[in-house]
Amino acid sequence: RDGQNFAIKAPVTASGNTEFIWIEVTAIENDVVYGNLANDPVNLGALKCGSRVRASVAELNDWGFLTTAGEFVGGFTVQVVQRIAEEQSRRHQR
């Protein structure tokens, strides 16, 4: 819907490589999510931020959206990675 920003994290495969990457959702039809890459991939050939892609709902790894107050809800994989990085940093500081 206009004014709403939804994103999913799903595997995208191109040039023989697969990356789990954030996709800004533009449409959902049946069990397929369509959208644009939300950041530049590391190694997906010609794909870049803004490239149109699609992903199966069954392959979703994460999701997120912005509230009307600008708060991000979701991003669970990001939270896990941040927590692990913080724990490792604390261990190395000892």
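Look up a bit, the structure's there.
Below or above, wherever it landed, is the structure these notes cover. (Residues numbered from 1 in each chain as written. Predicted model: local features only at pLDDT ≥ 70, side-chain atom pairs only at ≥ 80, totals over all residues. Heavy atoms only, no water.)

## Structural notes on the overall build of the chain
So, step 1. Of regular secondary structure, the chain possesses 1 helix and 6 strands.
So, step 2. Reading the chain from its N end, one meets helices and strands in the order β-β-β-β-β-β-α.
So, step 3. Projected onto its principal axes, the C-alpha positions of the chain cover 50 × 40 × 25 Å.
So, step 4. Here the chain, with 94 residues, has 27% of them falling under the buried criterion. (Helix = DSSP H or I, 4+ residues; strand = E, 2+ residues; numbered from the N terminus. Buried < 20%, exposed > 50% of the residue type's maximum accessible area, 1.4 Å probe, protein only.)

## Considering the sheet that holds strand β5 (residues 62-66)
So, step 1. In space, the 6 strands of this open sheet follow the order β4-β3-β2-β1-β5-β6, with antiparallel pairing throughout. The sheet terminates laterally at β4 (52-56) and β6 (72-74), the two strands that pair on one side only. Direction aside, the axes of adjacent strands within the sheet are offset by 45° on average.
So, step 2. Of the pairings in the sheet, the one linking strand β2 (residues 17-29) to strand β3 (residues 32-37) comprises 6 bridges and is antiparallel in character. If you follow Val25 over to β3, its bridge partner there is Gly35. (Pairing = 2+ DSSP bridges. Axes fitted to C-alpha atoms, helices over the stretch in contact; angles between N-to-C directions.)

## Details of the side chain of Ser51
So, step 1. With respect to the helices, strands and loops of the structure, Ser51 is situated in the loop between β3 and β4.
So, step 2. The exposure class assigned to Ser51 is buried, which follows from its relative accessible area of 14%.
So, step 3. Sequence-distant contacts of Ser51, defined by excluding residues within four places in its chain, comprise Gly35, Asn36, Leu37 and Ala46. (Contact = heavy atoms within 4.5 Å.)

## Looking at unusual backbone geometry
So, step 1. Phi at Ser15 is positive, roughly 55°, even though this residue is not glycine.
So, step 2. The residue Ser15 is located in the loop between β1 (6-14) and β2 in this model.
So, step 3. The phi dihedral of Asn30 falls on the positive side, at around 55°, and the residue is not glycine.

## Topic: the nonpolar core
So, step 1. Counting residues in hydrophobic clusters, the biggest one holds 11 residues: Ile8, Ala10, Val12, Ala14, Ile21, Ile23, Val33, Leu37, Leu44, Val53 and Ala55.
So, step 2. Listing elements by their share of this core, those giving two or more residues are β1, β2, β3 and β4.
So, step 3. Per element, the largest residue contribution to this core is 4 residues, and it comes from β1.
So, step 4. Residues within four places of Val12 in sequence aside, it is in contact with Asn17, Thr18, Glu19, Ile21, Ile23, Leu37, Leu44, Leu47 and Val53. (Core = buried A, V, L, I, M, F, W, Y, C linked by side-chain atoms within 4.5 Å.)

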